[in-house]
Amino acid sequence: MARTPTTYDPFNAVAEPKRRKVLEVLGVRELSVNEIVRKLGWTQPMVSKHLGVLKQVGLVSERRAGRQRLYRVNAERLRPIYDWVAPFERYWSESYERLDEVLETLKSKEKRDG
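All of these numbers come straight from a predicted model, not from anything done at the bench.

Rules used in this analysis
- Residues numbered from 1 in each chain as written.
- Predicted model: local features only at pLDDT ≥ 70, side-chain atom pairs only at ≥ 80, totals over all residues.
- Heavy atoms only, no water.
- Patch = residues over 30% accessible without salt bridge, like charges linked within 9 Å, V, L, I, M, F, W, Y side chains within 5 Å.
- Areas by Shrake-Rupley, 256 points an atom, 1.4 Å probe, with all protein chains shown as cover.
- Salt bridge = Lys/Arg side-chain N within 4 Å of Asp/Glu carboxyl O.
- Lys, Arg positive; Asp, Glu negative; His and termini not counted.
- Charge placed at Lys NZ, Arg CZ, Asp CG, Glu CD.
- Helix = DSSP H or I, 4+ residues; strand = E, 2+ residues; numbered from the N terminus.
- Pairing = 2+ DSSP bridges.
- Contact = heavy atoms within 4.5 Å.
- Axes fitted to C-alpha atoms, helices over the stretch in contact; angles between N-to-C directions.
- pLDDT = per-residue confidence, 0-100.
- Phe/Tyr/Trp six-rings, centres within 6.5 Å; stacked < 30°, edge-to-face > 60°.
- Buried < 20%, exposed > 50% of the residue type's maximum accessible area, 1.4 Å probe, protein only.

Draft legend 1. Inspection of a negative patch on the surface at higher detail. Residues Glu94, Glu97, Asp100 and Glu101 make up a contiguous surface patch of negative charge. Residue placement: Glu97 occurs in helix α5 (residues 79-113).

Here it is, written out as structure tokens:
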């Protein structure tokens, strides 16, 4: 079965580590290409290329402000990815809770054995 092109599927788009980094840098802020370039230390063409893919799949939106283009994350389009990851988050939370219990048991034993 052929893979869905990156330009149609948010999952494929974020499979690229550099695009995930762009999303991280944008976070909840609106930034220009030049601001993203400065924060990442990449070339402008590289940032623009990745923004173009993210924009095409709808993970990033663009707004013009005079001569500048400002980009921001479209969090709603990340929802399918979040929904897919959520069960794993529960697993990790439960694992950390179990680890906390083990650590508390060890601390109590250490105090008793002194």
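Back to the text.
Draft legend 2. A look at the sheet that holds strand β2 (residues 60-65). Pairing is antiparallel in the open sheet, where three strands are placed in the order β1-β3-β2. Each having just a single partner strand, β1 (31-32) and β2 make up the two edges of the open sheet. Strand direction decides the pairing type here: β1 and strand β3 (residues 68-73), joined by two bridges, are antiparallel. Considered in β3, the bridge of Leu31 is made with Tyr71. Contacts between helix α4 (residues 44-56) and the sheet are confined to β2 and β3, with β2 contributing the most and set at about 110° to the helix.

Draft legend 3. Structural detail: the confidence of the model for the chain. When pLDDT is averaged along the chain, the result is 88, and 93% of the positions lie at 70 or above. The least confident element of the chain is α5, whose mean pLDDT is 81; the most confident is helix α3 (residues 33-40), at 97.

Draft legend 4. Fine view of the packing of aromatic side chains. For the structure on display, the rule yields two aromatic pairs. Here Phe11 and Trp84 contribute two aromatic rings whose centre-to-centre distance is 6.2 Å and whose plane-to-plane angle is 90°, an arrangement assigned as edge-to-face. Note that Phe11 is positioned in helix α1 (residues 10-14) and Trp84 in helix α5, a separation of 73 residues in sequence. Judged by relative accessible area, Trp84 falls into the exposed class, the value being 53%. Aromatic side chains Trp84 and Phe88 sit 5.3 Å apart centroid to centroid with 55° between the ring planes, which places their arrangement in the tilted category. Of this pair, Trp84 and Phe88 are both found in helix α5, four residues apart, which corresponds to roughly one turn of the helix. For Phe88, a relative accessible area of 45% corresponds to the partly exposed category.

Draft legend 5. Molecular detail of the pairing of β3. Sheet topology note: the β2/β3 ladder contains six bridges and is antiparallel. Each bridged residue has a counterpart across the sheet, and for Arg64 the counterpart in β3 is Arg69. Here β2 folds back onto β3 in antiparallel fashion, the turn holding two residues, of which Gly66 has a positive phi close to 65°.

Draft legend 6. Inspection of the pattern of salt bridges at higher detail. Applying the stated criterion across every chain, the model contains seven salt bridges. Two residues, Glu30 and Arg72, come together in a salt bridge whose shortest N-O distance is 3.2 Å. Here Arg72 lies in strand β3 and Glu30 lies in the loop between α2 (17-26) and β1, a separation of 42 residues in the sequence. Here Asp83 ties to Arg79 by a salt bridge, and the two come within 3.5 Å at their closest N and O atoms. Linking Asp83 with Arg79, this pair stays in helix α5, spanning four residues, or about one helical turn.

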